[in-house]
Amino acid sequence: MKLKFQRSRIEIFFFVFLLCSSFAVLAQTTIKGKVVSGADNMPLPGASVIEKGTTNGTQTDFDGRFTLEVSSDASVITVSYVGFKSQDVNVTDGEMTIALQDDNSLSEVVVVGYGTQKKSDVVNAVATTNLEKAILTPTSDVNEMLRGRIAGLQVDVGGGTLRPGGTSDIIFRGQGSIEGAVSAIYVVDGIIRDGGIEDIDSDDIESIEFLKDASAQAIYGSRGANGVVLITTKRGKAGKISVSYHGFVSTKSIERNFDVYSGQEFAQLRREAIRTTRADDSYADDELDNVFTPIELDNLANNRFVDWEEELMKTGSVNSQAISVSGGTDLTKVFGSINYFKENGLIPTSSYERKTLRLNVDQKISDKFSVNFDINILNDDTERAANVNVITTSPLGSAYNEDGSIMRFPSGEEGSAVNPLWNLNEQDHDEKGNDFVINVTPKWQITKDLQYQLKANLTRRTSERGQYQSSLSSAGDDVRGIARIDNQLRESYLIENILTYDKNFGDDHKFNLTLVQSSQENEYSRTFTEGQGFSNEDLGYNGIASAIGNVTVERDGNKFRYLGYMARARYTLYDKYSFEGTLRADGASLNGEGNKWSYNPAGSFAWKIHRESFMEDAKAVQELKFRASYGSLVNDLGRAYTSLFTADAQQYIFDSETASGFSPSTILPNPDLKFERITTLNLGLDFSLFERVLSGNINWYDARTNDLLLRRGVPSTTGYTSTFFNAGEMQNTGIELSLTANIINNDDLKWSVSTNWSNNRNKILELYNDGNGDAITDDTTYNYYVGQPVGVIYQYAFDGIWQEGDDFANAPQANPDSALTQTDLEPGDIKIKDINGVDDEGNIIPGPDGKITQEDRVFIDPNPDFFGSLSTTLEYKGFDLLLDFYAVEGATKVNPFLNTYNNGGTLRGDINGVKVDYYTPENPSNSFPRPNADSADPYLNALAVKDASYIRLRTVSLGYSLSEKVTDKLNFDQIRFYVTATNVFTDTDYIGYSPEVNIRSTFSNADTGYPDARSFTFGVRVKF
């Protein structure tokens, strides 16, 4: 009975199913249509047409037509084609015409040097950056804006670069040379620039591309071996005149992660330092033993101290205003801009003011002739900070006299440390600069496929730096004032002849040939004058002619000449397989006869895997391209005349009178000096997945530098100190990953996440041989070590602090055979690890041997294990939010705050410093040694080696753009407001103002560092 019921239910089910299926068939609708390109209305054969939510679909025929039966009139079809954006279309009656728009991620044009390519056709490792994110950083330094934007790119903020008007260097894929050039070059609008790009305002930049592998860099030969930054400025467009304005103001404040000793803490540090030197380990009497001066005793008694950071540091500010005009006709297009930038620094007397003017004109003369004319003018004015000391000046003194005037000696003792406020008032250090850049680029379209182009450039940079240190300053008091004037002139001339043949042979073959002849001359001259002794100081350095003491005049100059010939051929087959070969011959005046010419070959291959037939069913893959490149480029020393004998002016006494002559320079010339050669293999993969929700690329590279440019000492009997020569080999290897995920992308809400990560391993593989042919594996004079990276830290290993009850007599440091025997070890001294021993033949044996010798030092790689950024952008209607993080992991630095006297690191109690947990009998710290007024611990350098890893919330930006409805009523194209916080916080264990750069040495006049800052910005963008 049960079985019959089940059978009856199954029969009913099949009947209903067939009935519904019949109705479904009867309800089906047949649609017809055509799929075309939205750009040129050309049919797209093979386009995919699928009923949304089903597997029901078809493909267009050769004419782009399709026929498909869909379930109902309300169906939606999804149309897609490689290289175009997918589109959802509602079914309509009659024949449909569906126009697909180019996918900008593939059709985007990328500058690759001496031409452009579609991004999808790029064969080499070429990267671009998101300028909208970059320009949110309120700085005059374009390099600093690019930090973390490109995988493999590091920004070297060395001495002075964080100051107002400071500049930095870009390092691609690690340091490829030891003594040679290591910085990337800049090519602005096709012109190789000599020096930096200080005259480029970020608001004038249209795009920035980076050539990272040897095949891409080979077009610039010996100039591009360390990477190439291609900057394209904005140009006019035909149509109505468009005016854009961008203005912002910022405030800057100090960011630090440490404290200095307060008044009472510093007083106790001094007491502890003196106590250590007393035989009975007792405290000295503050007054009777002259531990403090009368002024210091009075301030201690009244708890009245000076916070020098508060007295000297101030809130910095930035004011940037940029306005541009763009427009033109089919014959004449013009872009012009005026930009103003002013920054007042955190340190008084530090500021930077820049004014730039740009005019780019494109003139079409006929159907075959046109010319581009560009001019860029810069005027800047820099005030450099005097030697400000906020770390080591004692807080126990007084900053001002009772009448409010500045007290010269805060401690009250003449000849002691001078009040830094006093030095600020008694010093001037100014620099004025003018840059003039002009490009003229005529073009002749000889035939449809053949074009000739001439590039001509003149760059002229002048600067005058004046410095005056009065007779009341710390530096000038013993010579009655010092005046210095430094005039520099840099001139560059470039002429390039470029012939380009670009031809498509049917739909399956594309061929491009570029030929270049290039000639460039860079000339540099400098006049430096110093005068001492002034009876009238009112004129400052402008009164240098009235110096009555020593007067010194120096004149320097050099000239580089470059001549190059380049050929690059590109061939693409079936839009799947691309081949590129480049050869550049470069002549340079840097080297001696026989070594002036070099040859720079490179080749690359790209395979668009997604276009293969076996990928047709891989619907999740929109792009998958494999790249391989190999190239060998040379790199130069960057110094003129190292192959020639040179002499320096020298005064001497002859027959009781002063005479003038010349003496050989300190560098022994090497007429056989030649280029070093960097050979690089690069493998890469570009991909775009899940309807372009996820896209990115990954690169692996191995770069070998042969015939390294090295320096070594020569016997002093020769009259020289060192010479340059070629020898050895170095390696850089690394992996770079870039990812972008467009997680949400609709009209009202957009959310994307971008990240890039890089690592680089640098290692010296070989140095040179001695006179007997035996390999030299280290050069301690210049810090070269085989198997170790450039700039390796070679130091003893810190192992804590010796404590009460430790076995001092048998300590390795107390062994008479130790390199530095410490028979008087006491609690509070630094303990060093006994790591290695030495056999009878001098070979290192791992394991302790009971003594501390040179072999116990360890190598520490200062370079990070990896570095990168993570940013996310959220857009909702008119609002947009950006969060941007930057991280460096595994970096190591020697912290001068912990080991040098001038930075208060020796804990002697006479100058202040960074507050640390030092050892006392009552506080047996295991971190820092016991203070000692007489001497510093001999192993402080080991303690100062610290982890400099950090993670920084670099940018938080919130913006709002008025709706199109509002801007239309106001006759504006765009009105946008934004607020940005930069350097919001930095999480690091490294003590200092920045884990990237150490602040200036306290008693140095050199511009060796500047505090990093947190800034808050309000900006407006308007376009009409």
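A look at helix 6 (residues 263–277)
And then number 1: For helix 6, built from 15 residues, the straight-helix expectation of 21 Å at 1.5 Å per residue is met to within 8% by its first-to-last C-alpha distance of 22 Å.
And then number 2: All of the buried residues in helix 6 are Gly263, Phe266, Ala267, Leu269, Arg270, Arg271, Glu272, Ala273, Arg275 and Thr276.
And then number 3: At its buried positions, helix 6 is contacted by helix 7 (294–301).

Comments concerning the sheet that holds strand 32 (residues 667–668)
And then number 1: Taken in spatial order, the three strands line up as 32-36-35 in an open sheet, and their pairing is mixed. Of all strands in the sheet, those with a lone pairing partner are strand 32 and strand 35 (709–713), marking the two edges.

Structural notes on the confidence of the model for the chain
And then number 1: Looking at the chain as a whole, its pLDDT mean stands at 87, while 94% of the residues score no less than 70.
And then number 2: The element-level mean pLDDT for the chain is lowest in helix 1 (residues 2–27), coming to 41, with strand 45 (residues 830–832) highest at 96.
And then number 3: Confidence drops under a pLDDT of 50 for residues 1001–1007, and excluding neighbours within four residues, the segment shows 21 contacts in the predicted structure.

Considerations on a negative patch on the surface
And then number 1: Residues Asp865, Glu889, Asp947, Asp987 and Asp989 make up a contiguous surface patch of negative charge.
And then number 2: In this structure, Asp989 sits in the loop between strand 54 (974–988) and strand 55 (1013–1023).

Considering unusual backbone geometry
And then number 1: With phi around 60°, Arg480 is a residue other than glycine that occupies positive phi space.
And then number 2: By secondary structure assignment, the location of Arg480 is in the loop between strand 23 (450–469) and strand 24 (482–505).

Let's talk about the sheet that holds strand 16 (residues 228–233)
What links the strands of a sheet is backbone hydrogen bonding, and the strands pair in either a parallel or an antiparallel sense.
And then number 1: Spatial strand order, 10-15-16-13-14: five strands in an open sheet with mixed pairing. The open sheet terminates on both sides in strands that have one partner only, identified here as strand 10 (126–128) and strand 14 (191–192).
And then number 2: Where strand 10 meets strand 15 (residues 205–211), three bridges bridge the pair, whose relative direction is antiparallel. The residue of strand 15 that forms the bridge with Thr128 is Glu209.

Quick word on the nonpolar core
And then number 1: Core analysis: the largest hydrophobic core is formed by 25 residues, its most contacted members being Tyr261, Ile830, Ile832, Val916 and Tyr918.
And then number 2: Counting only elements with at least two residues in this core, the list comes to helix 6, strand 45 and helix 10 (940–943).
And then number 3: Not counting chain neighbours up to four residues away, the residues in contact with Ile832 comprise Tyr796, Ala797, Phe798, Asp799, Gln813, Ile852, Tyr939 and Ala942.
And then number 4: Among the nonpolar cores identified, the runner-up in size contains 22 residues, and Ile150, Leu153, Phe172 and Ile231 belong to it.

Description of the pairing of strand 31 (residues 657–664)
And then number 1: Bridge count between strand 30 (residues 647–654) and strand 31: eight bridges; the pairing is antiparallel. For Gln650, the partnering residue across the bridge sits in strand 31 and is Gly661.
And then number 2: Hairpin connection from strand 30 to strand 31: two residues lie between these consecutive antiparallel strands, with Asp655 at a positive phi of about 55°.

Regarding the pattern of salt bridges
And then number 1: Following the criterion strictly, the structure yields 51 salt bridges and no others.
And then number 2: Residues Asp281 and Arg275 are paired through a salt bridge, measuring 3.6 Å at the closest nitrogen-oxygen approach.
And then number 3: Among the residues examined, Arg275 registers a relative accessible area of 5% and is labelled buried.
And then number 4: One salt bridge in this structure joins Asp435 and Arg461, with 2.9 Å as the shortest N-O distance.

So, helix 7
And then number 1: Within helix 7, burial applies to Glu296, Asn299 and Leu300. The buried residues of helix 7 occupy an angular sector of 100° when the element is viewed end-on, so they sit on one face. Exposed side of helix 7, more than 90 degrees from the buried face: Pro294 and Ala301 are the residues found there.
And then number 2: Elements in contact with the buried residues of helix 7: helix 6.
And then number 3: One or two residues past the end of helix 7 sits Asn303, with phi positive at roughly 55°.

Quick notes on the packing of aromatic side chains
And then number 1: Evaluated as defined, the whole model comprises 24 aromatic pairs.
And then number 2: When the ring of Phe560 is compared with that of Tyr562, the centres are 6.5 Å apart and the planes differ by 85°; the resulting orientation is edge-to-face. There is no split in this pair, since Phe560 and Tyr562 are both buried.
And then number 3: Pairwise contacts between aromatic rings join Phe258, Phe897 and Tyr993 into one cluster.
And then number 4: Above the ring of Phe258, the side-chain terminus of Arg256 is found at 5.5 Å from the ring centroid.

Observations concerning the pairing of strand 4 (residues 65–70)
And then number 1: Residues Phe66, Leu68 and Val70 of strand 4 are buried on one face, while the alternating residues Arg65, Thr67 and Glu69, pointing to the opposite face, are not.
And then number 2: Summarising the sheet, strand 1 (residues 29–37) and strand 4 pair through six bridges and their orientation is antiparallel. Directly across from Ile31, in strand 4, lies its bridge partner Leu68.

Remarks on the side chain of Thr988
And then number 1: Inspection of the secondary structure assignment puts Thr988 in strand 54.
And then number 2: Of the polar contacts made by the side chain of Thr988, one reaches the backbone oxygen of Ser949; its length is 2.7 Å.
And then number 3: In this structure the side chain of Thr988 is engaged in a polar contact, spanning 3.1 Å, whose partner is the backbone nitrogen of Tyr990.
And then number 4: Those residues in contact with Thr988 that sit more than four places away from it in its chain are Asn257, Ala948, Ser949, Tyr950 and Pro995.

What counts and how
Residues numbered from 1 in each chain as written. Predicted model: local features only at pLDDT ≥ 70, side-chain atom pairs only at ≥ 80, totals over all residues. Heavy atoms only, no water. Helix = DSSP H or I, 4+ residues; strand = E, 2+ residues; numbered from the N terminus. Expected span 1.5 Å × (residues − 1). Buried < 20%, exposed > 50% of the residue type's maximum accessible area, 1.4 Å probe, protein only. Contact = heavy atoms within 4.5 Å. Pairing = 2+ DSSP bridges. pLDDT = per-residue confidence, 0-100. Patch = residues over 30% accessible without salt bridge, like charges linked within 9 Å, V, L, I, M, F, W, Y side chains within 5 Å. Areas by Shrake-Rupley, 256 points an atom, 1.4 Å probe, with all protein chains shown as cover. Salt bridge = Lys/Arg side-chain N within 4 Å of Asp/Glu carboxyl O. Lys, Arg positive; Asp, Glu negative; His and termini not counted. Charge placed at Lys NZ, Arg CZ, Asp CG, Glu CD. Core = buried A, V, L, I, M, F, W, Y, C linked by side-chain atoms within 4.5 Å. Arc of directions from axis to C-beta. Phe/Tyr/Trp six-rings, centres within 6.5 Å; stacked < 30°, edge-to-face > 60°. Lys NZ or Arg CZ within 6 Å of the ring centre and 35° of its normal. Polar contact = N/O pair within 3.5 Å; in protein donor to acceptor, adjacent residues only side chain to side chain.

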